[in-house]
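Structure at a glance
Chain residues, written in single-letter form:
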Amino acid sequence: MKIAPTLVTTLTQHDIQYDTVRHRHADSSLNSAHAAHISASLMAKPVILEDEQGFVMALVPANQHLKIQELNMFLNRNMHLASEDKIGTLFKDCEIGAIPPVGEAYGIETVVDYSFDDYTDVYLEAGNHKDLIHISGEDFRHLMETAHHASLCLH
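Residues numbered from 1 in each chain as written. Predicted model: local features only at pLDDT ≥ 70, side-chain atom pairs only at ≥ 80, totals over all residues. Heavy atoms only, no water.

Concerning the side chain of aspartate 93
Within the secondary structure layout, aspartate 93 lies in the loop between α4 (84-90) and β5 (109-113). Among the polar contacts listed, one links the side chain of aspartate 93 to the side chain of threonine 6, at a separation of 2.7 Å. (Helix = DSSP H or I, 4+ residues; strand = E, 2+ residues; numbered from the N terminus. Polar contact = N/O pair within 3.5 Å; in protein donor to acceptor, adjacent residues only side chain to side chain.)

As for the pairing of strand β7 (residues 131-136)
In terms of burial, β7 is largely enclosed, as five of its six residues are buried. Pairing geometry for strand β1 (residues 19-22) and β7, over four bridges, is antiparallel. Bridge assignment links aspartate 19 to a residue of β7, and that residue is histidine 134. Two elements, strand β6 (residues 121-125) and β7, share five bridges in a ladder whose sense is antiparallel. Its bridge partner lying in β7, leucine 124 is registered against isoleucine 133. If you look at the hairpin formed by β6 and β7, you'll find five residues sitting between the two strands, and glycine 127 has a positive phi there, around 100°. (Buried < 20%, exposed > 50% of the residue type's maximum accessible area, 1.4 Å probe, protein only. Pairing = 2+ DSSP bridges.)

Describing the pattern of salt bridges
By the definition in use, this model includes four salt bridges. Two residues, arginine 22 and aspartate 131, come together in a salt bridge whose shortest N-O distance is 2.8 Å. Here aspartate 131 lies in strand β7 and arginine 22 lies in strand β1, a separation of 109 residues in the sequence. With its nearest N and O atoms 3.1 Å apart, the salt bridge here joins glutamate 50 to lysine 86. Of this pair, glutamate 50 sits in strand β2 (residues 43-51) while lysine 86 sits in helix α4, and the two are 36 residues apart along the sequence. Overall, glutamate 50 belongs to the buried group, its relative accessible area being 8%. Salt bridges sharing partners connect three or more residues here, namely Asp51, Arg77 and Glu109. (Salt bridge = Lys/Arg side-chain N within 4 Å of Asp/Glu carboxyl O.)

Observations concerning helix α1 (residues 5-13)
An α-helical segment advances 3.6 residues per turn. Residues three or four places apart therefore align on the same side. Looking only at α1, the buried set comprises Leu7, Thr10 and Leu11. The buried residues of α1 occupy an angular sector of 95° when projected down its axis, which confines them to one face. Turned more than 90 degrees away from the buried face of α1 sit Thr12 and Gln13, all of them exposed. Summarising the contacts, the buried residues of α1 are in contact with β6, β7 and α5 (137-143). (Arc of directions from axis to C-beta. Contact = heavy atoms within 4.5 Å.)

Some remarks on the packing of aromatic side chains
Under the criterion given, the structure shown has three aromatic pairs. Taken together, a centroid distance of 4.6 Å and an interplanar angle of 55° make the contact between phenylalanine 91 and tyrosine 106 tilted. Here the residue phenylalanine 91 occupies a position in the loop between α4 and β5, and tyrosine 106 occupies one in the loop between α4 and β5, the gap between them amounting to 15 residues. Exposure remark for phenylalanine 91: the relative accessible area of 1% places this residue in the buried category. With a centroid separation of 5.3 Å and an interplanar angle of 50°, the aromatic rings of phenylalanine 116 and phenylalanine 140 are classed as tilted. Of this pair, phenylalanine 116 sits in the loop between β5 and β6 while phenylalanine 140 is found in helix α5, placing the two residues 24 residues apart along the sequence. Given a relative accessible area of 1%, phenylalanine 116 falls into the buried group. With relative accessibility at 1%, the residue phenylalanine 140 sits in the buried group. Ring-pair connections join several aromatic residues into one group, and the members of that group are Phe116, Tyr119 and Phe140. (Phe/Tyr/Trp six-rings, centres within 6.5 Å; stacked < 30°, edge-to-face > 60°.)

This is the structure:
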């Protein structure tokens, strides 16, 4: 599968320059970071949650775990992890387990962990299990400027 067209369109609309990093097949953001020989802390891992109000994408570094209770308190909701079936219907141009961390491009409210505020480089899943997108931290922050920002994981 190619890079997700929704991701390419979003990067183009925001005038974001990017590099593609090819790696061996990997089944998670953490494993993609390892396969590409990049720091897992620089890899934006999307976690999709849901409740009766809809879906939310939380972005945390690939080497961290989302504190769902913290997110629920921040949003005043009672969210839980979305099923792979539901995720597949939201990200039709992506392989399951390789969704790009650009929720708003898919019409999904997004919350970004504060750890990304200082990074000079950020890596994103490209919608398949063999490519990553590398962008500057500044471009990532521009891409996430309308997202919520909160403390979502242990630091």
